[in-house]
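A closer look at the structure
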Amino acid sequence: MVFVAIIPLTVVAILGIAGYLVYRFIILDFLINRSVNDTLKKYAIKKTPYEIIKEYYQNKGESLSDQDISRLVKQYKREEPEQFLAMYDSIREKSKTD
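None of the values given here were measured: they were computed from a predicted structure. (Residues numbered from 1 in each chain as written. Predicted model: local features only at pLDDT ≥ 70, side-chain atom pairs only at ≥ 80, totals over all residues. Heavy atoms only, no water.)

**Some points on the packing of aromatic side chains**
The full count for this structure, using the stated rule, is two aromatic pairs. Both rings, one in Tyr-56 and one in Tyr-57, keep their centres 5.3 Å apart while their planes meet at 85°; by these two values the pair is edge-to-face. Here Tyr-76 and Phe-84 contribute two aromatic rings whose centre-to-centre distance is 6.2 Å and whose plane-to-plane angle is 75°, an arrangement assigned as edge-to-face. In terms of burial, Tyr-76 and Phe-84 fall into one category: buried. (Phe/Tyr/Trp six-rings, centres within 6.5 Å; stacked < 30°, edge-to-face > 60°. Buried < 20%, exposed > 50% of the residue type's maximum accessible area, 1.4 Å probe, protein only.)

**Observations concerning helix H4 (residues 83-97)**
Each full turn of the α-helix corresponds to 3.6 residues, which orients residues three or four apart in the same direction. When the terminal C-alpha atoms of H4 are compared, their 21 Å separation across 15 residues agrees well with the 21 Å that a helix rising 1.5 Å per residue should span. Buried residues of H4: Phe-84, Met-87, Tyr-88 and Ile-91, and no others. Seen along its axis, H4 keeps its buried residues to an arc of 100°; they face one direction. In this structure, H4 carries Glu-93, Lys-96 and Thr-97 as exposed residues pointing more than 90 degrees from its buried face. Each element contacted by the buried residues of H4 is listed here: helix H1 (2-42), helix H2 (49-59) and helix H3 (66-79). (Helix = DSSP H or I, 4+ residues; strand = E, 2+ residues; numbered from the N terminus. Expected span 1.5 Å × (residues − 1). Arc of directions from axis to C-beta. Contact = heavy atoms within 4.5 Å.)

**Regarding the packing of H2 against H3**
Where H2 meets H3, the axes come as close as 9 Å, and the angle between the chain directions of the two elements is 115°. Taken as a pair, H2 and H3 cross one another with a handedness that is right-handed. Taking contact as the criterion, the partners of Pro-49, Tyr-50, Ile-53, Lys-54 and Tyr-57 in H2 are, on H3, Asp-66, Ile-69, Ser-70, Leu-72, Val-73, Tyr-76 and Lys-77. When its residues are assigned to classes, the contact of H2 with H3 shows eight nonpolar, one polar and three charged. (Axes fitted to C-alpha atoms, helices over the stretch in contact; angles between N-to-C directions. Left-handed = near helix turned anticlockwise from the far one by under 90°. Nonpolar A, V, L, I, M, F, W, Y, C, P; charged D, E, K, R; others polar.)

These figures come from the coordinates and say nothing about function on their own.
This is how it looks when you write it as structure tokens:
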């Protein structure tokens, strides 16, 4: 009698956890990437977030590895997507003064 209740609960729990993981790691990343790319297109910025971060830190005089830049891209996309515009403005101002 107990097994009749445990099996459906287990199936529902597994489906719920699987659905959450799909949302968290696939759908949310897709939506974040699309949002950042749409924002860059809206302002006619032809650089990718990776290129923006790489050039921004080069202008600051810091040398980052490709892995560090990829980690920063992911972090900025999730936590502070507006920073890409601020970094791009900084790059643009730096190129105007040079």
